[in-house]
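# Notes for the structure review
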Amino acid sequence: MKKYAVGFLPRLVVVALIVLASTLPVVTAEKPTCREFDSGKDLMRVANTSDVFVMVTEEGENPGEVDSKEWKNVCEGYKATSSQRLKGLVMGHVFGKKHRNIAKKLGVEDDDEWPTFVMVKKGTKGKELPEKGIKFTGESKEGKDLIDFIMDTTPSKFGQYVFSIHPYDDLAARLMGVKDDDKYADLQKKFYYYCSIVLIKLLSFRAKDPDMRMVCATYAKTFQKIFEQGKEYPETQTKRLEKLIDDDNMSAFKREEMHQKIHVYSKFTDPMELTYDDHKAFILLWGSQIFLLVLFAIMIFDLLTGGRSEEEREIEKETESEETKKDEDKKEE
């Protein structure tokens, strides 16, 4: 029975690891892409749940492609922006001559004005167009002007990255919610801090790009500093970065990095409200961790002891001793 346990426990640990891995989120930046709308029905289906920024234009020299340099620049910015920051924004183009009905529906059927840009707000119905469509009327159609128009008409923000990691946000809310006058406050803070250490190890392996690794590291450092210096750390750092971010000599990359850190700090200074599902997920995640830890401890103990009880080892020693004595007796004879 013991020998069976030695072989069974490692298999059980492997299965438990697979189950745990399936519960962890894949940490990756979603990369949205500009698409083509080939029917009015398709456009309105998307607009039912998302803000949609549409360009009506002529088909490029290569069939199915867009020649507009301005649109390509905006699409590059769109692809480089996280889904959290885009707030569900969808971008796409319509080839007006191929789909005159869509161009007419949007109120931009005059091909002399193409490329023309229209924002269709989330929840807009087909019968409400073209009145409810917001047409871009700026003289300049450069990428920067189009992005400003998008940000003025939707909650979307364009930029390289501003990511959140829900398990960290959950832990941040729990850590910041610990009351200092609670007699178990120190114990709770230690627990959440050590949970953050485990998370950074687990999630860092699944981070797909350097940006996300930097975000993970910022969360981890914030937990550490709060544990060492107190809850004032994220607020102090936010104020410091807000002063530095207005420097005109700062590179765009560095400014984006500071925006990201401020966003992470906001998860501590203005923590999320925890729901029933959040509490359930927290118990599942950390219950699994504890379960694994116990399994590893049992497996290591079992391997070190050879899967045998103390009584069995004593019997083996006595048997070996008797055999050794018999061998010695035979040599004397």
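Scroll up to find the structure.
The present account deals with the structure reproduced in this document. (Residues numbered from 1 in each chain as written. Predicted model: local features only at pLDDT ≥ 70, side-chain atom pairs only at ≥ 80, totals over all residues. Heavy atoms only, no water.)

### Observations concerning unusual backbone geometry
Residue Pro115 is bonded to the preceding Trp114 through a cis peptide linkage, with omega at 0°. Look at the link from Leu129 to Pro130: it is a cis peptide, with omega at 5°. Tracing the sequence through the fold places Pro130 in the loop between strand 4 (116-120) and strand 5 (134-135). A positive phi is found at Lys87, a non-glycine position, where the angle reads about 55°. Within the fold, Lys87 resides in the loop between helix 4 (83-86) and strand 3 (90-95). We classify Lys87 as exposed; its relative accessible area is 54%. (Helix = DSSP H or I, 4+ residues; strand = E, 2+ residues; numbered from the N terminus. Buried < 20%, exposed > 50% of the residue type's maximum accessible area, 1.4 Å probe, protein only.)

### Points about the sheet that holds strand 5
Taken in spatial order, the 5 strands make up an open sheet running 1-3-2-4-5, and their pairing is mixed. The outermost strands of the open sheet, each flanked by one partner alone, are strand 1 (35-36) and strand 5. The pairing of strand 2 (residues 52-57) with strand 3 spans 6 bridges and is parallel. Opposite Val52, over in strand 3, you have Val90 as the bridge partner. Each of strand 2, strand 3 and strand 4 touches helix 3 (residues 69-79); the most contacted strand, strand 3, lies at about 155° to it. (Pairing = 2+ DSSP bridges. Contact = heavy atoms within 4.5 Å. Axes fitted to C-alpha atoms, helices over the stretch in contact; angles between N-to-C directions.)

### Some remarks on the environment of Pro271
You can see Pro271 is positioned in the loop between helix 11 (252-269) and helix 12 (276-304). A residue is classified by how much of its surface remains accessible, and Pro271, at 31% relative accessible area, is partly exposed. A C-alpha to C-alpha distance of 8.5 Å links Pro271 and Gly177, two positions 94 residues apart in sequence.

### Describing the packing of helix 7 (residues 166-176) against helix 12
Between helix 7 and helix 12, the shortest axis-to-axis distance is 11 Å and the interhelical angle comes to 105°. The angle between helix 7 and helix 12 places the two elements in the roughly perpendicular class. Residues His166, Asp170, Leu171 and Arg174 of helix 7 lie in contact with helix 12, whose contacting residues are Asp278, His279, Phe282 and Trp286. Taken together, the residues of the contact of helix 7 with helix 12 break down into 3 nonpolar, 2 polar and 3 charged. (Parallel < 35°, antiparallel > 145°, perpendicular 65-115°, else oblique. Nonpolar A, V, L, I, M, F, W, Y, C, P; charged D, E, K, R; others polar.)

### Brief notes about the pairing of strand 2
Here strand 2 lies mainly inside the structure; 6 of its 6 residues are buried. The side-chain alternation of strand 2 yields two buried faces, one formed by Val52, Val54 and Val56 and the other by Phe53, Met55 and Thr57. Where strand 2 and strand 4 come together, 5 bridges link them in antiparallel fashion. Bridge pairing in strand 4 places Val54 opposite Val118.

### Comments concerning the pairing of strand 4
Among the 5 residues of strand 4, 5 are classified as buried, and the element is accordingly described as predominantly covered. Side chains Thr116, Val118 and Val120 of strand 4 all project onto a buried face; the interleaved residues Phe117 and Met119 project onto the opposite face, where all are buried too. As paired elements, strand 4 and strand 5 share 2 bridges and run antiparallel to each other. Along strand 5, the bridge assignment pairs Val118 with Lys135.

### A closer look at helix 7
Within helix 7, 10 of the 11 residues are buried, which leaves the element mostly enclosed by the surrounding structure. Looking only at helix 7, the buried set comprises Pro167, Tyr168, Asp169, Asp170, Leu171, Ala172, Ala173, Arg174, Leu175 and Met176.

### Overview of the pattern of salt bridges
Following the criterion strictly, the structure yields 13 salt bridges and no others. Among the salt bridges present, the one from Arg174 reaches Asp170, with a minimum N-O distance of 2.5 Å. Note that Arg174 and Asp170 are positioned in helix 7 at a spacing of 4 residues, about one turn of the helix. By relative accessible area, which is 5% here, Asp170 ends up buried. Linking Glu235 and Lys239 is a salt bridge whose minimum nitrogen-to-oxygen distance equals 3.7 Å. (Salt bridge = Lys/Arg side-chain N within 4 Å of Asp/Glu carboxyl O.)

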